[in-house]
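So the chains spell out like this:
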Amino acid sequence: MILPGFRLALALLRIPRLFISLLLFPLILSLMLMTAQLIGTTIILSQITRTPEDMQTHVKTLQENSFLRKLVYGSGARLSAIEVCRWQGFSDEHGAVFELPPQTNTCMPDRLDVALHVKNPDEIDVTQYVELFNGNFERLHICQQDCKPDIVLHPEERPPRVNIYSLIGLLLVNQLSFDSPIEQEALMVFEKRYEFFRLLGTQFFMARGYEDPVQLSNISFEVSLLVSISSIIIIGLWLAVKAHRKVLDYFAKSGALFPMVAALGKSEFYSAIWIVTLLRVLTFLLATIPPTYFLFSSVGESEQWGGIFQKDIGHMILWIAALTSTFSLAALISSLADLKHRVYVFSFAYRFIPLMLAALGGAFWLFSFFFGESGIILRHIIASLPIVSIIPIIIAPIFQPPLDIIAVNTLLTLILITALLRSNTRWFAAHLEAL
Amino acid sequence: MEYRNPLTIEAENLCVSYEKTLALRIHELQVRGNIIGIIGHNGAGKSTFIKALLELIPADSGRLLAQRGPNATRLVPDRDMAFCPETGAVFSDITVKEYLKLWCRLKAGSPHYLFKEGQSILEILELEELLHKKGRELSKGQRQRVQTAAGFFSQPRLFLFDEPFDGLDIQRTHELIELIRSYGSKMSFIISSHRMDVMELLADEMIVLEDGTVRTTGSPKRISQDLCPHFLRISGVPDYERAYEALQMALPHCFLRRSGDTIRIASSQMVKDTVLKTLQKNSDYEIPIVEGEPTLTDAMSLYLRKIKEEKDGMQEDKGMSY
């Protein structure tokens, strides 16, 4: 059954167009999604794991060796003191008024200068502006209207405004915030908050009925890790469901479904669809797991990998097995809903009842923390049942339910998957006409 | 024509349904022939019969099987059968060549089969000019030819065709008939079709299905006689149009067909006297009425007309009961 199925799967993938539509294109799309997810996670993780020292170094780098200044001026160092150029007004023989900058080499206007448009250029006190722009701009022009670099401030308008005429100008204005006193204030707040949590110590939530206390101090790191692993599994399963449906549709629309199924046998044909599906998922996993692993290895220290990740590899494997089987069940149910799209009642039931059950399970599981000792049994029952346990299983590394609960959940889920697959195959055989 | 290894189709207490609709209900059936035709009205269960034989639709109960050869070896769909559906089949975004190579790879063991042993089939079906066209560029007839070729590449012992002559012009129809006949010694065929003229030429045994049940079986000639026990042919009628109209009025339950200057009357009852009286009313001449054998087209036309009348009658009864 497997060999002819494998032969058909390979034969299909050897057709260039099918290879692109069934394997390559979805793979590229999934990798892009995963890359975006990993970039987001990296940014969040790098923010979460910062110490005050890291923050100071980061701000200092931005202030003293700015990448933007290097790009614009050729050097990342702060510029020398800003030149203040007050423009003079003149009238020509027709009475028209115009303004000119001071006739010095240092006041020659440039696009990347900054200007203040005010009624009386000679009288305005620019101390605050000099402080603000110093180090990032070469000249500050003060005039009524004729000085027009990329950044023009209108301090006398209500409310005051700044017009920025180029993208580089926009970036330079944002660079100002790193040099401003606010950044120093923010650093101080960060240090105080860090010190507060240091004094408080690592937080543990002593949840009843769980093997270990729940460590909350590094929870953000763990959540990021959970999100990444869940994303890989979800995208993998999404690929699986889409591939499954796509191949069936492809055959059905071309009219080749019946001749092909008749010529190869239903079981072989169905296994070929799953083989194509698995190939898609496998290629995706091979492309995403190594970078994810290296990302987390490089960002987090091993002691930050709290909960289940800190324990032995067995805990980790069991959780991944539970998570994979849970999501596989979800994908299978979704695939059934898709297959039975013509039978509205079935389709509706398969699509929405599991979602409702999962949401209810999550809600009851959460509320069980208010029930004291009696809540423990309810929590364990919810966590051990398929479908209703999706939320507790996802966050199992944080709350660490007893391992036998996860094992029971995995086992029950696998039994349900097998039963559904069998009924799915029978349904497929009986409803080829409806595809 | 006598074949050495004729095909036998057997069914016993067979029930096949879609959801809750019973599509086939065959108490007992045994048909033996090398080219077996399946005919019947729309929705009679012809396609369902073929799909049930191919095991594409599971039977609710009973059995349906095909056997062939001196030892009556049971034919297994994925090993011994090929199927060409009514619409033909080619993937829309790949070329005919790629599609046929896929079939060769799967069923003939190598994609090179296409241009070696398969070359003659390409020539007979005139597919060489289509090889570089994509599936979406083909007409229904062309798609059928492609799937027919794919079926032959499988070298089946039984080839099942669902409405293969639909949309084919006369020339292509005769070419397909010749192709089927030429392969008749190597494989058996089951053909479902509405084209009675073709089925009469081609099939050695036939199954007539009616609302999912077997109405009758036998050779085309026997079926014609069974469905149309009385047949008259009238030639040389002086006032042809008037006579035809008068006969239509007088014989509302018969099937009348004009062919050249001949009027053909298919009937389930003796109507010769009625015909004579009607013609005598309209003409002073004596008109020769020949009792003869109906063609399958005549017989099936009468039969389909009867079914339609019965169904219309049932609907009227229903309407009246409301």
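Residues numbered from 1 in each chain as written. Chains lettered and ligands numbered in written order. Predicted model: local features only at pLDDT ≥ 70, side-chain atom pairs only at ≥ 80, totals over all residues.

Colleague: Where do I start with the overall build of chain A in this structure?
Modeller: For chain A, the count of helices and strands is 16 helices and nine strands. For chain A, with 435 residues in total, the buried portion stands at 32%. In chain A, once contacts between residues fewer than 6 apart in sequence are set aside, the share between residues at least 24 apart is 72%. (Helix = DSSP H or I, 4+ residues; strand = E, 2+ residues; numbered from the N terminus. Buried ≥ 20, exposed ≤ 12 C-beta atoms within 10 Å, placed from the backbone. Contact = placed C-beta atoms within 7 Å.)

Colleague: Is there a simple way to think about the sheet that holds strand β12 (residues 255–259) of chain B in this case?
Modeller: Within a sheet, neighbouring strands are paired by backbone hydrogen bonds and run either parallel or antiparallel to one another. All names here are of chain B. With respect to topology, four strands assemble into an open sheet ordered β12-β13-β11-β14, the strand pairing being antiparallel. One side of each edge strand has no neighbouring strand; the edge strands of this open sheet are β12 and β14 (289–291). Ignoring which end each strand starts from, the neighbouring axes of this sheet average 20° apart. Pairing geometry for strand β11 (residues 230–235) and strand β13 (residues 262–267), over six bridges, is antiparallel. Pairing of Ser-235 across the sheet is with Thr-262, part of β13. Contacts between helix α9 (residues 240–250) and the sheet are confined to β12 and β13, with β12 contributing the most and set at about 165° to the helix. On the sheet, helix α10 (residues 272–282) packs against β11, β13 and β14 and is oriented at approximately 165° with respect to β14. (Pairing = 2+ DSSP bridges. Axes fitted to C-alpha atoms, helices over the stretch in contact; angles between N-to-C directions.)

Colleague: Explanation requested: unusual backbone geometry in the structure shown.
Modeller: Generally, phi is negative for residues other than glycine and the peptide bonds are trans, each holding for most cases. The peptide bond linking A:Arg158 to A:Pro159 adopts the cis configuration, its omega dihedral lying at -5°. Tracing the backbone shows A:Pro159 in the loop between β6 (151–154) and β7 (161–164). At A:Ile387, a residue that is not glycine, the phi angle is positive and equals roughly 70°. Mapped onto the elements, A:Ile387 comes out in the loop between α13 (373–384) and α14 (390–394). Even without being glycine, B:Glu55 reaches a positive phi, approximately 60°. With respect to the element layout, B:Glu55 can be found in the loop between α1 (46–53) and β4 (61–68).

Colleague: Help me understand the interface of chain A and chain B in this model?
Modeller: Reports of interface size often rely on the accessible area that becomes lost once the parts have come together. Contacts between the two partners involve 20 residues from chain A and, on the opposite side, 30 residues from chain B. With six residues, the top contributor of residues to the side of chain A that touches chain B is helix α9 (residues 257–264) of chain A. Grouping the amino acids of the side of chain A that touches chain B by side-chain chemistry returns 14 nonpolar, three polar and three charged. (Nonpolar A, V, L, I, M, F, W, Y, C, P; charged D, E, K, R; others polar.)

Colleague: How should the confidence of the model for chain B be read in this particular structure?
Modeller: Low pLDDT marks stretches whose predicted atomic positions should not be read closely. Per-residue confidence for chain B gives a mean pLDDT of 85, with 95% of residues at or over 70. When mean pLDDT is taken per element in chain B, strand β8 (residues 188–192) of chain B scores highest with 94 and helix α11 (residues 296–321) of chain B scores lowest with 77. (pLDDT = per-residue confidence, 0-100.)

Colleague: In this structure, what is going on with the nonpolar core? I would like to understand it.
Modeller: The nonpolar side chains of a soluble globular protein tend to be buried with one another. Of all hydrophobic cores here, the largest spans 117 residues; its most connected members are B:Leu100, B:Ala149 and B:Leu160. Among all residues touching B:Ala149, those that are not within four sequence positions of it are B:Leu100, B:Ile121, B:Leu122, B:Leu125 and B:Leu127. Membership of the second largest hydrophobic core comes to 36 residues, among which are A:Met34, A:Leu225, A:Phe284 and A:Ala322. (Core = buried A, V, L, I, M, F, W, Y, C linked by C-beta atoms within 7 Å.)

Colleague: What is the right way to look at the packing of α9(B) against α10(B) in this model?
Modeller: A pair of packed helices is captured by two measures, namely the crossing angle of their axes and the spacing between those axes. Residue and element names in this part refer to chain B. Where α9 contacts α10, the two axes come as close as 10 Å, and the packing angle between them is 140°. The angle between α9 and α10 falls in the class oblique. Between α9 and α10 lies a crossing whose hand is right-handed. Taken together, the residues of α10 that come into contact with α9 (itself represented by Arg-242, Ala-243, Ala-246, Leu-247 and Ala-250) are Thr-274, Val-275, Thr-278, Leu-279 and Asn-282. Across the contact of α9 with α10, the residue classes tally to six nonpolar, three polar and one charged. (Parallel < 35°, antiparallel > 145°, perpendicular 65-115°, else oblique. Left-handed = near helix turned anticlockwise from the far one by under 90°.)

Colleague: So what exactly am I meant to see when it comes to the environment of A:Arg69 here?
Modeller: Residues and elements named next belong to chain A. Topologically, Arg-69 is positioned in helix α4 (residues 67–73). Since 20 C-beta atoms lie within 10 Å of it, Arg-69 is described here as buried. Residues Arg-69 and Phe-137, spaced 68 residues apart in sequence, show a C-alpha to C-alpha distance of 9.5 Å. Excluding residues that lie within four positions of it along the chain, Arg-69 makes contacts with Ser-75, Gly-76 and Asn-136.

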